[in-house]
Amino acid sequence: MTGPEHQRSLRTRLRSMRPDAFGADPEGVRMERIRNSPNFADGVFRNPEGTRTRPSIPMIEFAKIYFRKEERARRAPVGTVPVHATTLADLSGPPASGLRVTWLGHSSVLTEIDGRRVLFDPVWGERCSPFAFAGPKRVHPAPLPLAAMGPVDAVVISHDHYDHLDLPTIKALAGTDTVFAVPLGVGAHLERWGVAADRIRELDWNETTQIAGISLTATPARHFCGRGMRNQQHTLWASWVVAGPDHRVYHSGDTGYFSGFREIGAEYGPFDATMIQVGAYSEFWPDIHMTPAEGVRAHLDLQGGMPHGVLLPIHWATFNLAPHPWAEPGEWMTDAAAEAGQPVAFPRPGEPFEPAGELPVEPWWRTVSEPIPHPWRSPKGADAGQVRREEVDLAGER
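Just so you know, these numbers come straight off a predicted model, no measurement behind them.

Thresholds, definitions, all that
Every chain's residues receive numbers from 1 upward, in the order its sequence appears when written. For this predicted model, a pLDDT threshold of at least 70 governs which residues receive local features, and a threshold of 80 or more governs which side-chain atom pairs are given and counted, while totals over whole chains, interfaces and linings are taken from all residues. Side-chain calculation: all heavy atoms of the structure are included, whereas hydrogens and water are not. To qualify as a helix, a DSSP run of H or I must reach at least 4 residues; to qualify as a strand, a run of E must reach at least 2; elements of each kind are numbered from the N terminus. Only protein chains enter the area calculation, which uses a 1.4 Å probe; residues under 20% of their type maximum are buried, those over 50% are exposed, and those in between are partly exposed. By definition, residues are in contact when any of their heavy atoms lie within 4.5 Å. Here a Phe, Tyr or Trp ring, Trp counted by its six-membered ring, pairs with any other such ring whose centre lies within 6.5 Å, and the pair is stacked when the planes are under 30 degrees apart, edge-to-face when over 60, and tilted otherwise. For this quantity, the arc is that covered by the directions from the helix axis to the C-beta atoms. A pair of strands counts as paired when DSSP detects no fewer than two bridges linking them. Only the contacting stretch of a helix is used when fitting its axis, a line to C-alpha atoms as for every element, and angles between N-to-C directions run 0 to 180 degrees. Note on angle classes: values under 35 degrees are labelled roughly parallel, values over 145 roughly antiparallel, values of 65 to 115 roughly perpendicular, and the remainder oblique. Rotating anticlockwise by less than a right angle from the far helix to the near helix defines a left-handed crossing, while the corresponding clockwise rotation defines a right-handed one. The salt bridge criterion pairs a side-chain nitrogen of Lys or Arg with a carboxyl oxygen of Asp or Glu, the two atoms within 4 Å.

Asks: Lay out the environment of H140 in plain terms, naming residues and giving numbers.
Replies: Along the polypeptide, H140 turns up in the loop between β5 (116-120) and β6 (154-156). Residue class for H140 comes out buried when judged on its relative accessible area of 3%. Along the primary structure H140 and P77 are separated by 63 residues, whereas in three dimensions their C-alpha atoms are 9.6 Å apart. For H140, the residues in contact, after removing those within four places along its chain, are V81, V83, L104, G105, A317, T318 and P349.

Written as structure tokens, this is what we have:
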């Protein structure tokens, strides 16, 4: 057999051999919608600004740095990470202020907002990898079992990388009644893993859906996608705005710093709380992740240029994904936030807090970390590029 029928049969056989963790490629009506997106051009999704998505040095050279013995030691805690012990009990009653935020590690956050529960980027798996035997492993356990979380009204996914879209977690949630809000194309993965199509809301940037009386808007981010052997850039990445009648929050997903934060803030802000990615940064990929200084700048952009609300640092302390020391994002964030006069929350994994109440501010990581230098005190008004250059220079001196 030759011709189109043979090709379709071959594609079907190849798809059946694809590891389940790789998910599924968009096709049919979903792919047609992707092609019609204003953010899709020349066969791929595009970033709002020019972006390098690969390390700036050859992979063999980066591997030498990343797997060097002394480098590996810096990327791990020196003791047991203090996970909050009473998460389940603390969540048993409603938040007094109407807004409560619980960081569950990495980018996973439960937000209770105006009587609804929204779970961002839930990852309960042991590794952020397609394989159970290899890949970055958690350095602390999940603060509570997923089954103990109770009902959530919406699960929000920022993009399809393994540390944000976790196969075992999604399969567990597929058996619940929750609705999933995801960027364009990501729904193909969820459907393959058992989530019913009518429980998936798939959004392009600046599109909004209503779930249980709250609005969820996918907003731009500066990143990339992909989880199979081929990275076709056919699934979108996004940050998210969630707004209830009385409160609104922002989750950055993964992103490099870009000018669009000001536009998002002007259109949808200000925010009672922002959840900002400040880990897994490197001078080798400066466009796709933010340093703590850039994270503070992004928060201020989102708030109209002035300190406002509470910043929760995310995307750190759970998986080792970059060459920087394990606790460096927390330590450097104390510097950056203090310089800006911006309130920042430092909860232990699983520790709930209300942005309108007393914030957790103890630098808990210092009990299980080698000392981290405070390497910069950037002049007020210094741009993120200057701060990054200072950080790179200091990294070279260590």
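Anyway, onward from the coordinates.
Asks: Explain the packing of aromatic side chains residue by residue, including any values.
Replies: For the structure shown, the criterion picks out 13 aromatic pairs. When the centroid spacing of 6.3 Å and the interplanar angle of 80 degrees are considered together, the rings of F45 and W237 count as edge-to-face. With a gap of 192 residues between them, F45 in strand β2 (residues 44-45) and W237 in the loop between β10 (214-219) and β11 (239-243) connect regions that are remote in the sequence. Judged by relative accessible area, which is 3%, F45 ranks as buried. Ring plane angle 10 degrees and centroid distance 5.9 Å describe the contact between W103 and W316, whose orientation is recorded as stacked. Highlighted residues: W103 in strand β3 (residues 99-105) and W316 in the loop between β14 (310-314) and α10 (328-340), separated in sequence by 213 residues. With relative accessibility at 3%, the residue W316 sits in the buried group.

Asks: An account of helix α6 (residues 167-174) is needed here, citing residue identities and associated values.
Replies: Every buried residue of α6 is accounted for by L167, T169, I170, L173 and A174. In an axial view of α6, the angular spread of the buried residues amounts to 160 degrees, which keeps them on one side of the axis. Where α6 is buried, its residues meet β6, β7 (179-183) and α7 (187-192).

Asks: Tell me about the pairing of β5, and name the residues and values.
Replies: With respect to burial, β5 is a largely interior element, four of its five residues being buried. Where strand β4 (residues 108-113) and β5 come together, five bridges link them in antiparallel fashion. When the sheet's bridge partners are listed, E112 is paired in β5 with R117. Connecting β4 to the antiparallel partner β5 that follows it, the hairpin turn spans two residues, and D114 within it adopts a positive phi of roughly 50 degrees.

Asks: Pulling in residues and values, what's your account of the packing of helix α9 (residues 292-302) against α10?
Replies: Contact geometry of α9 with α10 gives a least axis separation of 8 Å together with a crossing angle of 45 degrees. One finds that α9 runs oblique with respect to α10. Taken as a pair, α9 and α10 cross one another with a handedness that is right-handed. Of the residues in α10, those in contact with P292, A293, V296 and L300 of α9 are P329, W332, M333, A336, A337 and A340.

Asks: Break down the environment of P373 for me, citing the residues and quoting the values.
Replies: By the element assignment, P373 lies in the loop between β15 (352-353) and α11 (384-397). Looking at P373, the relative accessible area reads 42%, which means it is partly exposed. Once the C-alpha coordinates of P373 and E331 are considered, the two residues, 42 residues apart in sequence, prove to be 8.1 Å apart.

Asks: Got a sec to walk through the packing of helix α8 (residues 260-268) against α9? Specific residues and values, please.
Replies: Closest axis-to-axis distance for the α8/α9 pair is 7 Å, and the angle between their directions is 35 degrees. Judged by residue contacts, F261, R262, I264 and G265 of α8 engage A298, D301 and L302 from α9.

Asks: Go over the pattern of salt bridges, please, and point to the residues and values.
Replies: It is possible for side chains bearing opposite charge to pair when their charged atoms get close. For the structure on display, the rule yields 13 salt bridges. The closest approach of N and O atoms between R33 and E207, which form a salt bridge, is 2.7 Å. One end of the pair, R33, is in helix α2 (residues 28-35); the other, E207, is in strand β9 (residues 207-211), with 174 residues separating them in the sequence. On the accessibility criterion, R33 (35% relative accessible area) is partly exposed. On the basis of relative accessibility, which here comes to 31%, the residue E207 falls in the partly exposed class. With a closest N to O distance of 3.1 Å, E362 and R348 form a salt bridge. Here the residue E362 occupies a position in the loop between β15 and α11, and R348 occupies one in the loop between α10 and β15, the gap between them amounting to 14 residues. According to the relative accessible area criterion, E362 is partly exposed, its value standing at 44%.

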